[in-house]
Amino acid sequence: SMSGTINEVPLPDLIQLFSTSKKTGTLVISRANVSSRIYLDKGRLVYAEIDDAPELDPLKAVFRVLSWEEGTFELYGPERRDFPQTIDMPTEHVLMEGLRNLDELRHMQSKLPPLETELVLVAPLMPRLSALTPEELDIFQLVYNYGVIRDVIDRAEIEGVDAAKVVADLLKRGYIIEA
């Protein structure tokens, strides 16, 4: 197995290395209280999952994990497993799309407080909940349940940049505030 820290070897570089060297195995990435697994078959990304978001689409899971800038990784040997769905995109395309999403997310973060910022619901809540879209309500609930911007973005079912936009909008419209 191979192991290290994301600070030393960024995940995009690591995945590129495993892709070009045609590695097969399970890449386990851990950060704080969350871990993720990316399954590789001869260098191709087959499936990805994040422990605290098992329902997340595997491609979105890869995109989320690519945004992790700290933590550890370890590559384990192949694991026989059936996946509910697979990633049907070449690894290079996944990385390009993931990095594009990451750039957009970083740009969006400039319009937000730091990702470690705790958020709370405004009380009393003056704006009407009925004015929120289902997507906004989902993010509102994630703020209620988890409170930290990074956790809200990581757990959102929508793309990270879209979740960040909703958080910024909810802050602006007075539904949530910094703790």
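It should be noted that the structure appears before, not after, this text.
An account of the accompanying structure is given in this report. Model, not experiment: these values are computed from the prediction. (Residues numbered from 1 in each chain as written. Predicted model: local features only at pLDDT ≥ 70, side-chain atom pairs only at ≥ 80, totals over all residues. Heavy atoms only, no water.)

1. Concerning the overall build of the protein
- Looking only at helices and strands, the protein features 6 helices and 7 strands.
- Walking the protein from its N terminus toward its C terminus, one meets helices and strands in the order β-α-β-β-β-α-β-α-β-α-α-α-β.
- Seen along its three principal axes, the alpha-carbon backbone of the protein occupies a region of about 55 × 30 × 25 Å.
- Looking at the protein as a whole, 44% of its 179 residues qualify as buried.
- A separation threshold of at least 6 residues defines the contact pool for the protein, and within that pool the share at least 24 residues apart is 69%.
- Taking the average location of the 19 positive side-chain charges in the protein and that of its 30 negative ones, the two points are 3 Å from each other. (Helix = DSSP H or I, 4+ residues; strand = E, 2+ residues; numbered from the N terminus. Buried < 20%, exposed > 50% of the residue type's maximum accessible area, 1.4 Å probe, protein only. Contact = heavy atoms within 4.5 Å. Lys, Arg positive; Asp, Glu negative; His and termini not counted. Charge placed at Lys NZ, Arg CZ, Asp CG, Glu CD.)

2. Looking at empty space enclosed by the protein
- The tally for this structure, following the rule as stated, stands at 2 cavities of 30 Å³ or more.
- Size it by volume and the largest cavity reaches roughly 120 Å³.
- Lining the largest cavity are 14 residues, and of these Phe63, Arg64, Asn101, Leu105 and Gly160 lie nearest its centre.
- Mapped by element, the contributors of at least two residues to the lining of the largest cavity are helix H2 (58–66), helix H3 (91–109), helix H5 (149–155) and helix H6 (160–172).
- The element contributing the most residues to the lining of the largest cavity is H3, with 4 residues.
- In this model, the second largest cavity occupies a volume close to 40 Å³.
- Forming the walls of the second largest cavity are Arg31, Val34, Ile50, Asp52, Trp68, Asp151, Asp154 and Arg155.
- Considering each element in turn, the lining of the second largest cavity owes the most residues, 3 residues, to H5.
- The class makeup of the residues in the lining of the second largest cavity is 3 nonpolar, no polar and 5 charged. (1 Å grid on protein atoms, 1.4 Å probe; cavity = no way out; pocket = protein on both sides within 12 Å on 5 of 7 lines; lining within 4 Å. Points joined across faces, edges and corners; volume = space filled by probe spheres on them. Nonpolar A, V, L, I, M, F, W, Y, C, P; charged D, E, K, R; others polar.)

3. A look at the pattern of salt bridges
- Counted under the stated rule, the structure contains 10 salt bridges.
- As a salt-bridge pair, Arg173 and Glu136 come within 2.8 Å of each other at their nearest N and O atoms. Residue Arg173 is located in the loop between H6 and strand E7 (176–178), and its partner Glu136 is located in helix H4 (residues 134–146); the two are separated by 37 residues in the primary sequence.
- Connected through shared salt-bridge partners, Arg37, Glu49, Asp51 and Arg81 make up one network. (Salt bridge = Lys/Arg side-chain N within 4 Å of Asp/Glu carboxyl O.)

4. Regarding the packing of H3 against H6
- Look at H3 against H6: their axes get within 8 Å of each other, and the N-to-C directions meet at 15°. Overall, the two elements H3 and H6 adopt an arrangement that is roughly parallel. Between H3 and H6 the crossing geometry is left-handed. Of the residues in H6, those in contact with Glu104, Leu105 and Met108 of H3 are Gly160, Val161, Ala164, Lys165 and Ala168.
- Residue classes in the contact of H3 with H6 are distributed as 5 nonpolar, 1 polar and 2 charged. (Axes fitted to C-alpha atoms, helices over the stretch in contact; angles between N-to-C directions. Parallel < 35°, antiparallel > 145°, perpendicular 65-115°, else oblique. Left-handed = near helix turned anticlockwise from the far one by under 90°.)

5. Brief notes about the packing of helix H1 (residues 11–20) against H3
- Between H1 and H3, the shortest axis-to-axis distance is 10 Å and the interhelical angle comes to 170°. Between H1 and H3, the angle falls in the class roughly antiparallel. Contacts between H1 and H3 pair Pro12, Ile15, Gln16 and Ser19 from the former with Thr91, Glu92, Leu95 and Leu99 from the latter.

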